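# Survey of secondary and tertiary structure
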Amino acid sequence: MPSVKKNKRITISDIAALAGVSKSTASLVLNGRSKEYRVSDDTRDRILALANEHHYQPSFHARSLRSNRSHTLGLVVPEVTNYGFAVISRELETLCREAGLQLLIACTDENPAQEMMAVNSLVQRQVDGLIVASSQLNDAEYQKINAGLPVVQMDRLIAGSSLPLVITDSLSSTAALVENVARQHPDEFYFLGGQPRISPTRDRLAGYQLGLERAGVNGKPEWIINGNYHPSSGYEMFAQLCAQLGRPPKALFTAACGLLEGVLRYLNQHQLMDSDIHLCSFDDHYLFDCMTLKIDTVAQDCRALAQHSFDMVSALIDERPLEQSALYLPGSIHWRHAGSKALLNSR
């Protein structure tokens, strides 16, 4: 009986030789088509037993050649350590695994040039589709890519882009949260945001301003401070604000969890965690439920963002029509601050 050299990757030809059948017969059995082509039960069982014994795994490259697909998806995010993007990445990886696909993840660090290098690398690896949380100012490069493979925007909207989109409606949820907090602190309510050029900052700032308006509060220009979404930027902006005021502000909205992380680090380092600041933020984290400092937050449905993005890009890959090309998911508000809960109950 033929033998297989130890440590050599087993191939379908090896299985065929061990079973004493042709390569085509072994292929039919291992691809689940033995009944269709009337391969005998004995032959099928012998081939399957040998494949199991030798830990045979089908060739991914051969599968790709047969189907003209790579069975991979590309995900482009600014930072995988960000809690929201980490959850989305994990959910997408699970969805891909269950569908027999592989997910390739690229991080851009909010750098448009680095983003396109990462995207081009994924395209060169012949991914079947792209899901992108982009930092680009326009979609010209993505439109070129979209002519050859599907591109879906996720979590962020490139200004003026017609590419398919799955995003959280951050304006409505932010406005609802800010309106409540502004009624409690009409004389001082600051906003810390990221880069003004990208949609999360634009949309959350618009929600903040709408919330102030609904609360009858005339916001001051100096209340709005922008940097970038790294925790270090949140720390630096908040440190400067505290130095300017000589104390923490009465109320503060941070446009993302990373900025809030920087604020909390400053408060902790300066023994200010028991101060009277009313913190609120876009993005949520389960650890906020464990903190003595209460933080009102807008939570995104990261699982829904992942699921709908996956469904959308899968439909495009299969050339199926989309039910809708732009999907806006609602955010949910987690009220933790006693004052917020009291005001809600009184209205």
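Residues numbered from 1 in each chain as written. Predicted model: local features only at pLDDT ≥ 70, side-chain atom pairs only at ≥ 80, totals over all residues. Heavy atoms only, no water.

## Re the pairing of strand 8 (residues 251-254)
Formally: Think of it in three bands: with a 1.4 Å probe and only protein chains considered, a residue is buried below 20% of the maximum accessible area for its type, exposed above 50%, and partly exposed in between. Secondary structure elements are defined from DSSP: runs of H or I of at least 4 residues count as helices, runs of E of at least 2 residues count as strands, and each element is numbered from the N terminus. Only when DSSP finds a minimum of two bridges between them are two strands counted as paired. Crossover handedness is defined by viewing with both strands directed away from the observer: a clockwise path from the first strand over the helix to the second marks the crossover as right-handed.
Neither face of strand 8 is exposed, since Ala251 and Phe253 on one face and Leu252 and Thr254 on the opposite face are all buried. The pairing of strand 6 (residues 190-193) with strand 8 spans 3 bridges and is parallel. Directly across from Phe191, in strand 8, lies its bridge partner Phe253. Inspection of the sheet shows strand 8 paired to strand 9 (residues 278-282) by 4 bridges, in the parallel sense. Residue pairing across strands places Leu252 opposite Leu279, the latter belonging to strand 9. This β-α-β element, strand 8 to helix 11 (residues 257-269) to strand 9, shows right-handed connectivity.

## Let's talk about the layout of surface pockets
Threshold: In the cavity and pocket records, a cavity denotes points on a 1 Å grid over the protein atoms alone where a 1.4 Å probe fits but cannot get out, a pocket denotes an open set with protein on both sides within 12 Å along at least 5 of 7 lines, and lining residues are residues with an atom within 4 Å of a point. Grid points are joined across faces, edges and corners, and a volume is the space filled by probe spheres set on the points. Each residue is assigned to one class: nonpolar for Ala, Val, Leu, Ile, Met, Phe, Trp, Tyr, Cys and Pro, charged for Asp, Glu, Lys and Arg, and polar for all the others, Gly among them. Domain start and end points were adopted from an automatic or database domain assignment.
Put simply, the largest pocket is a space of about 470 Å³. Lining the largest pocket are 28 residues, with Asn82, Tyr83, Cys257, Gly258 and Asp283 positioned closest to its centre. Residues belonging to the lining of the largest pocket are distributed by class as follows: 14 nonpolar, 7 polar and 7 charged. Composition of the lining of the largest pocket by domain shows at least three residues from each of domain 2 (72-167 + 302-325) and domain 3 (169-300 + 333-346).

## Re the sheet that holds strand 3 (residues 129-132)
Our working definition: Orientation is described by axes fitted as lines to C-alpha atoms, over the contacting stretch for helices, and by angles from 0 to 180 degrees between their N-to-C directions.
Pairing is parallel across the open sheet formed by 6 strands, whose spatial order is 2-1-3-4-5-11. Because the sheet does not close on itself, it has two edges, and the strands there are strand 2 (102-107) and strand 11 (326-330). Direction aside, neighbouring strands of the sheet carry axes that sit 20° apart on average. Pairing geometry for strand 3 and strand 4 (residues 151-154), over 3 bridges, is parallel. Counterpart to Ile131 in the pairing with strand 4 is Val152.

## Looking at the packing of aromatic side chains
For clarity, the cut-off: Pairs were defined over the aromatic rings of Phe, Tyr and Trp, the Trp ring being its six-membered one, requiring ring centres within 6.5 Å. Orientation was assigned from the angle between planes: stacked under 30 degrees, edge-to-face over 60, tilted for the rest.
In this structure the tally under the stated criterion is 7 aromatic pairs. Between Tyr190 and Trp223, the aromatic rings sit 6.4 Å apart at their centres with planes inclined by 50°, giving tilted as the arrangement. Of the two residues, Tyr190 sits in strand 6 while Trp223 sits in the loop between helix 9 (199-214) and strand 7 (224-226), which places them 33 residues apart along the sequence. For the ring pair Phe191 and Tyr208, a centre distance of 5.1 Å and an interplane angle of 45° mean the geometry is tilted.

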